[in-house]
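Each chain, written out:
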Amino acid sequence: MPLYLGVMSGTSLDGLDIALIEQGDTTTLLAHHYIPMPSALRAELLALCASGPDEIARAACAENEWVRLAAQGIAELLERQQLPISKIRAIGSHGQTVRHEPQRGFTVQIDNPALLAELTGIDVVADFRRRDVAAGGQGAPLVPAFHQALFGNERQRAILNIGGFSNVSLLAPGEPVRGFDCGPGNVLLDSWIQHQRGEAFDRDGAWAASGQVNADLLTRFLADDFFAARGPKSTGRERFNLTWLQAMLKETPHLPAADVQATLLELSARSIAESLLHAQPGCEEVLVCGGGAFNAALMARLAAYLPRAHVASTAACGVAPEWMEAMAFAWLAHRFLERQPGNCPEVTGASGVRILGALYPA
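Procedures and definitions
- Residues numbered from 1 in each chain as written.
- Predicted model: local features only at pLDDT ≥ 70, side-chain atom pairs only at ≥ 80, totals over all residues.
- Heavy atoms only, no water.
- UniProt positions renumbered as here; feature names shortened; annotations may be inferred.
- Helix = DSSP H or I, 4+ residues; strand = E, 2+ residues; numbered from the N terminus.
- Buried < 20%, exposed > 50% of the residue type's maximum accessible area, 1.4 Å probe, protein only.
- Contact = heavy atoms within 4.5 Å.
- Pairing = 2+ DSSP bridges.
- Phe/Tyr/Trp six-rings, centres within 6.5 Å; stacked < 30°, edge-to-face > 60°.
- Polar contact = N/O pair within 3.5 Å; in protein donor to acceptor, adjacent residues only side chain to side chain.
- Domains from an automatic or database assignment.
- Buried area = accessible area lost by both parts, 1.4 Å probe.
- Salt bridge = Lys/Arg side-chain N within 4 Å of Asp/Glu carboxyl O.
- Axes fitted to C-alpha atoms, helices over the stretch in contact; angles between N-to-C directions.
- Parallel < 35°, antiparallel > 145°, perpendicular 65-115°, else oblique.

A.B. asks: Lay out the UniProt feature "binding site: ATP" (unreviewed entry) in the protein chain in plain terms, naming residues and giving numbers.
C.D. replies: The feature "binding site: ATP" (unreviewed entry), as annotated in UniProt, sits at Gly 10, Thr 11, Ser 12, Leu 13, Asp 14, Gly 15, Leu 16 and Asp 17 in this numbering. Checked against the element boundaries, Thr 11 lands in the loop between strand S1 (3–8) and strand S2 (15–23). The class for Thr 11 is partly exposed, based on a relative accessible area of 21%. With near-sequence residues (within four places) excluded, Thr 11 lies in contact with Gln 96, Gly 163, Gly 164, Phe 165 and Arg 237. As for its position among the elements, Leu 16 is in strand S2.

Printed below as a string of structure tokens:
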């Protein structure tokens, strides 16, 4: 059975996730590798999420550096697994999203798949999002089709990815998969703790758990138009970022920092739960993947908001939550090479199913 590699980095910008899968009738994760993001590259990628001087040249240099890091990680994984490159059918490379504005007809991922093919000697499938956007879709989320293939739809089940942003795939018997972005997952939590304490993230949600939720601030958060909109919808750092948060805090300038963190965690949990229950009120099970699956405080709040559903990590079904998205883009590379569609119009709003990606032969 063919082997594929999936490479991606998410909005947390902490590093690159690389998954090795075997693709037959089912998808099997064989190995994985994580390579930390160098601080200078992280800072540059974050800066490229907003307009700045000489950004075209800076983006070109950043994508080359990102690809060299990806090639290094792939070489390390293959060496550890003692696999020659001839065993890998293709790499599915997502790249790093720096702009996502489907309402204006574009989405931009930092990537240079031609260079990745040169450095690795392996065929690369990349640029997965733009075909869906060209067809009138949001270009996100793209993982629901993979979630359906991986988990089936024998019951009312939600697969919830909590990365920098949260998105949900809704599975139900006899129905096409549905899904959408729910809003901020970890992005504001990470931004606030970095701003206040210089820490990359709030381990287990401990700092948030030490504070008190401020009801007025939470109401202001939830008044953002994004939360009232129904899917298809997607979002990114263009909308929810530290500047957005600081504007919200102007009416409560002396609020303890830990209370802000507690309120941000409540925003993540509540926005997820409310959007999920509106779309699938009979949900029986919520399986969580992404970094949020390791945030004990966030998982507890989700369980409180969803008392009729069993809330657990995807690990309970044998799928490591931290590798789900990298697996998805390896699977999308397989779909491309088999000339099978990778998007779900019910999720993205595209005018129809589309084969996603472009091939860069080695």
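A.B. asks: Tell me about the pairing of strand S8 (residues 165–171), residues and numbers included.
C.D. replies: With seven of seven residues buried, S8 is to be regarded as a mostly interior element. As defined by bridge partners, strand S7 (residues 157–162) adjoins S8 across six bridges and the pair is classed as antiparallel. If you follow Asn 161 over to S8, its bridge partner there is Asn 167. Counted along the chain from S7 to the antiparallel partner S8, the turn is two residues long. Where S8 hands over to strand S9 (residues 178–184), the hairpin turn is made up of six residues, of which Gly 174 adopts a positive phi near 75 degrees.

A.B. asks: Describe the packing of aromatic side chains, and please don't skip the residues or the numbers.
C.D. replies: Aromatic ring pairs: the centre-centre distance and the angle between the two ring planes describe each pair. Using the criterion set out here, one finds seven aromatic pairs in the structure. Arranged with centres 5.5 Å apart and planes meeting at 50 degrees, the rings of Phe 146 and Trp 331 form a pair that is tilted. One end of the pair, Phe 146, is in helix H5 (residues 144–151); the other, Trp 331, is in helix H13 (residues 324–337), with 185 residues separating them in the sequence. Neither Phe 146 nor Trp 331 differs from the other in exposure class; each is buried. Relative to Trp 244, the ring of Phe 240 has its centre 5.0 Å away and its plane inclined at 75 degrees; by these criteria the two rings are edge-to-face.

A.B. asks: Could you give an account of the environment of Ser 268, naming the residues involved and the relevant values?
C.D. replies: As for its position among the elements, Ser 268 is in helix H11 (residues 257–279). Along the chain, Ser 268 and Ala 90 lie 178 residues apart, while their C-alpha atoms are 36 Å from each other. Residues in contact with Ser 268, not counting those within four places in the same chain, are Pro 184, Gly 185, Leu 189 and Leu 298. At 3.2 Å, the side chain of Ser 268 forms a polar contact with the backbone oxygen of Pro 184.

A.B. asks: Residues and numbers for the domain arrangement of the protein chain, please.
C.D. replies: Taken domain by domain, the protein chain comprises domain 1 (3–140 + 323–360) and domain 2 (143–317). Using C-alpha coordinates to define each centre, domain 1 is positioned 23 Å away from domain 2. Domain 1 puts 25 residues into the contact, and the matching count from domain 2 is 27 residues. A buried area of about 2,000 Å², summed over both sides, lies between domain 1 and domain 2, and 65% of it is on carbon and sulfur atoms. Together, Thr 11, Met 324 and Val 347 form the three largest contributors to the area buried by domain 1 at its contact with domain 2, with a combined 32%. Applying the counting rule to domain 1 against domain 2 returns zero salt bridges.

A.B. asks: An account of the side chain of Ser 271 is requested, with residue identities and associated values reported.
C.D. replies: Note on placement: Ser 271 falls in helix H11. Within the structure, Ser 271 has its side chain in polar contact with the backbone oxygen of Ser 268 (distance 3.2 Å). The contact partners of Ser 271, leaving out residues within four places of it in the chain, are Cys 182 and Phe 227.

A.B. asks: Could you give an account of the side chain of His 334, with specific residues and numbers?
C.D. replies: Among the structural elements, His 334 can be located in helix H13. Contacts of His 334, omitting those with residues within four sequence positions, involve Tyr 4, Gln 23 and Arg 89.

A.B. asks: Please set out the packing of helix H6 (residues 187–197) against H11 residue by residue, giving values where relevant.
C.D. replies: Contact geometry for H6 and H11: axes closest at 9 Å, N-to-C directions at 170 degrees. By the angle class used here, H6 and H11 are roughly antiparallel. On H11, the residues that touch Leu 188, Leu 189, Trp 192, Ile 193 and Gln 196 of H6 are Ala 257, Val 260, Gln 261, Leu 264, Leu 265, Leu 267 and Ser 268.

A.B. asks: Give me the lowdown on the sheet that holds S7, citing residues and values where you can.
C.D. replies: Strand order across the open sheet formed by five strands is S9-S8-S7-S10-S11, with mixed pairing between neighbours. The open sheet has two edge strands with one neighbour each: S9 and strand S11 (310–313). Strand after strand, the sheet turns through a mean of 20 degrees between neighbouring axes, direction not considered. One ladder, built from six bridges, connects S8 with S9; its direction is antiparallel. From the neighbouring strand, Leu 170 faces S9, where its bridge partner is Arg 178. Against the sheet, helix H12 (residues 296–305) contacts S7, strand S10 (285–289) and S11, and its axis sits at roughly 160 degrees relative to S11.

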